[in-house]
Amino acid sequence: MADEIKIRAATPDDAPALLKIYAPYVKNTSITYEYDVPSEEEFRRRIESTLRRYPYLVLEREGDILGYAYAGPLHSRPAYDWAVETSIYLDQNARGGGLGRKLHDALEAVLREQGFLNMNACIAYPEVEDEYLTKNSAEFHAHLGYRMVGGFTKCGYKFHRWYGMVWMEKLIGEHLKCHPREVWNRLKNIHAPKELCTVFRGAYFYGLQFPLFSALITLRPIVKKSYLIFICQYAM
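This report concerns the structure included in the present document. No experiment lies behind these values; they were computed from the predicted model shown.

**Some details on the overall build of the protein**
Consideration 1: When helices and strands are counted, the protein shows five helices and 11 strands.
Consideration 2: Burial analysis of the protein (236 residues in total) assigns 42% to the buried set.
Consideration 3: A sequence separation of at least 24 residues applies to 63% of the contacts in the protein between residues at least 6 apart.
Consideration 4: About 13,200 Å² of surface is accessible on the protein, with carbon and sulfur atoms providing 52% of the total.

What follows is the structure in structure tokens.
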């Protein structure tokens, strides 16, 4: 089918293609406050590190990777375990066609199934828009349901200019008074069953590693009635 869109789990072997997308943001924009383009080896390590616990997705069209999105820890302290920081990058020639929303929606669906409750985005933000940075990213996240919760002034320096940073958040789950962390801790010691899906607290966890769950997981996306359903296969 022409222009078929596929969203799948990233692998370390995707590093060259993803770095090709990321490099122009480093070199030509202040969307990322990174100064130097990382090496393929370093980018591969970043993917591997993320996949140990969090989802890392890529979007393909007709076999070409056009974007990627992933989550990471909001903070290292255990009380933050239900919150993540999200990142999303599209090929600069693929923006404006709705691919960013598709990719983010898939990431959000997976995070919900993993049991995460808060999606947080740390976004570079200018006082005055210029050729390196606009407010488009914050506006994009607002359209996705994020709300502005705070910011810092002139905290990032790039291209001989000072830029700010804002935090935006989206709540995607119920915050219980007695959240079942003790169940999460028990999951660490469970040997993964060789079955297509497992049930936890009444929710099906399709295709992604549950926090603190040590199974190795292969992700396979299937499109059904316009929804991405992630089917998991466990391998110990």
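**What to know about the nonpolar core**
The tendency in soluble globular proteins is for nonpolar side chains to be buried side by side.
Consideration 1: Of all hydrophobic cores here, the largest spans 26 residues; its most connected members are Leu57, Val84, Leu103, Leu111 and Met119.
Consideration 2: Every element with two or more residues in this core is listed here: β2 (56-61), β3 (64-73), β4 (83-90), α3 (99-114), β5 (118-125) and β7 (161-171).
Consideration 3: Per-element tally for this core: the top contributor is α3, with six residues.
Consideration 4: Sequence-distant contacts of valine 84, that is, excluding residues within four places in its chain, are made with Tyr54, Ala71, Gly72, Leu74, Leu111, Phe116, Asn118, Met119 and Asn120.

**Things to note about the sheet that holds β4**
Consideration 1: One open sheet accounts for seven strands, arranged β1-β2-β3-β4-β5-β7-β6; its pairing is mixed. In this open sheet, the two strands that pair with only one neighbour each are β1 (5-9) and β6 (147-158). Strand-to-strand twist of the sheet, defined as the mean angle between neighbouring strand axes without regard to direction, takes the value 25°.
Consideration 2: By the bridge criterion, eight bridges tie β5 to β7 in an arrangement that is antiparallel. Counted as the bridge partner of methionine 119 is lysine 170 from β7.

**Focus: the layout of surface pockets**
Consideration 1: Size it by volume and the largest pocket reaches roughly 930 Å³.
Consideration 2: Lining the largest pocket are 36 residues, with Tyr25, Ile31, Ile88, Tyr89 and Ser137 sitting closest to its centre.
Consideration 3: Elements supplying a minimum of two residues to the lining of the largest pocket: α1 (15-28), β4, α3, β5 and α4 (136-143).
Consideration 4: The leading source of residues in the lining of the largest pocket is β4, at six residues.
Consideration 5: A per-class count over the lining of the largest pocket returns 17 nonpolar, 15 polar and four charged.

Reading the values: rules and limits
Residues numbered from 1 in each chain as written. Predicted model: local features only at pLDDT ≥ 70, side-chain atom pairs only at ≥ 80, totals over all residues. Heavy atoms only, no water. Helix = DSSP H or I, 4+ residues; strand = E, 2+ residues; numbered from the N terminus. Buried < 20%, exposed > 50% of the residue type's maximum accessible area, 1.4 Å probe, protein only. Contact = heavy atoms within 4.5 Å. Areas by Shrake-Rupley, 256 points an atom, 1.4 Å probe, with all protein chains shown as cover. Core = buried A, V, L, I, M, F, W, Y, C linked by side-chain atoms within 4.5 Å. Pairing = 2+ DSSP bridges. Axes fitted to C-alpha atoms, helices over the stretch in contact; angles between N-to-C directions. 1 Å grid on protein atoms, 1.4 Å probe; cavity = no way out; pocket = protein on both sides within 12 Å on 5 of 7 lines; lining within 4 Å. Points joined across faces, edges and corners; volume = space filled by probe spheres on them. Nonpolar A, V, L, I, M, F, W, Y, C, P; charged D, E, K, R; others polar.

Distances and angles like these do not, on their own, reveal function.
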